[in-house]
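Topology and contacts: notes
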Amino acid sequence: QVQLVESGGGLVQAGGSLRLSCVASGRTFVAMGWFRQAPGKEREFVAATNWSGGSTLYTDSVKGRFTISMDNAASTVYLEMNNLKPEDAAVYYCAGGPDRRPRFLLGPDSVWGQGTRVTVSS
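Residues numbered from 1 in each chain as written. Predicted model: local features only at pLDDT ≥ 70, side-chain atom pairs only at ≥ 80, totals over all residues. Heavy atoms only, no water.

1. Comments concerning the overall build of the chain
- Helices and strands together make up the secondary structure of the chain, namely 1 helix and 11 strands.
- Against the 2.2 N^0.38 benchmark of 14 Å for 122 residues, the chain shows a C-alpha radius of gyration of 13 Å, consistent with a compact globule.
- Expressed along its principal axes, the backbone C-alpha trace of the chain runs to roughly 40 × 25 × 25 Å.
- Within the chain, residue pairs in contact and separated by at least 24 positions form 56% of the contacts whose partners lie at least 6 positions apart.
- If you sum the accessible surface of the chain, you get close to 6,200 Å²; carbon and sulfur atoms cover 47% of it.
- Considering the chain, the positive charge centre built from 12 side chains and the negative charge centre built from 10 side chains are found 2 Å apart. (Helix = DSSP H or I, 4+ residues; strand = E, 2+ residues; numbered from the N terminus. Rg over C-alpha atoms; globule rule 2.2 N^0.38 Å. Contact = heavy atoms within 4.5 Å. Areas by Shrake-Rupley, 256 points an atom, 1.4 Å probe, with all protein chains shown as cover. Lys, Arg positive; Asp, Glu negative; His and termini not counted. Charge placed at Lys NZ, Arg CZ, Asp CG, Glu CD.)

What follows is the structure in structure tokens.
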């Protein structure tokens, strides 16, 4: 069974940090990414990278604050989030797919986790 399981969400004050984790099982993906969806808003790309390493992609609003990384041995991708802002509050989803570019992670060949909620208090 192919599965992505996120964890690490929670409540944090503005300026604080959280680390999200996503464990992949049942299938090997070329790329992994994080998206988020706030209430009443569309799902938004956050960050992505390839399992083989190399360059990463970030949406502009998180550059310099968020870092995506992977532990290949543990089949786990992380999203380190620092200096969190109230506008970062959302449900964060992990996605595995054939390419790190957002349009591929949003495509039919990708698999998604169930999401983990991040709440940022001001």
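The discussion continues.
2. Let's talk about the environment of Thr59
- If you trace the backbone, Thr59 turns up in the loop between strand S6 (57-58) and strand S7 (66-71).
- With relative accessibility at 19%, the residue Thr59 sits in the buried group.
- On a C-alpha basis, the gap between Thr59 and Ala48 in space is 9.4 Å, while along the polypeptide they are 11 residues apart.
- Residues contacting Thr59, with those up to four places away along its chain left out, are Glu44, Phe45 and Val46. (Buried < 20%, exposed > 50% of the residue type's maximum accessible area, 1.4 Å probe, protein only.)

3. Some words on the pairing of strand S4 (residues 31-37)
- Across the 7 residues of S4, 6 count as buried, placing the element largely inside the fold.
- Summarising the sheet, S4 and strand S5 (residues 44-50) pair through 6 bridges and their orientation is antiparallel. Across the sheet, residue Arg36 finds its bridge partner in S5, namely Glu44.
- Taking the residues that link successive antiparallel strands as the turn, the S4-S5 hairpin has 6 residues, and the phi of Gly40 there is positive, at about 75 degrees. (Pairing = 2+ DSSP bridges.)

4. A look at the sheet that holds strand S8 (residues 76-81)
- The antiparallel open sheet is built from 4 strands, whose spatial order is S1-S3-S8-S7. The open sheet terminates on both sides in strands that have one partner only, identified here as strand S1 (3-7) and S7. When the angles between neighbouring strand axes are averaged without regard to direction, this sheet yields 15 degrees.
- Pairing geometry for strand S3 (residues 18-25) and S8, over 6 bridges, is antiparallel. Across the sheet, residue Leu20 finds its bridge partner in S8, namely Leu79. (Axes fitted to C-alpha atoms, helices over the stretch in contact; angles between N-to-C directions.)

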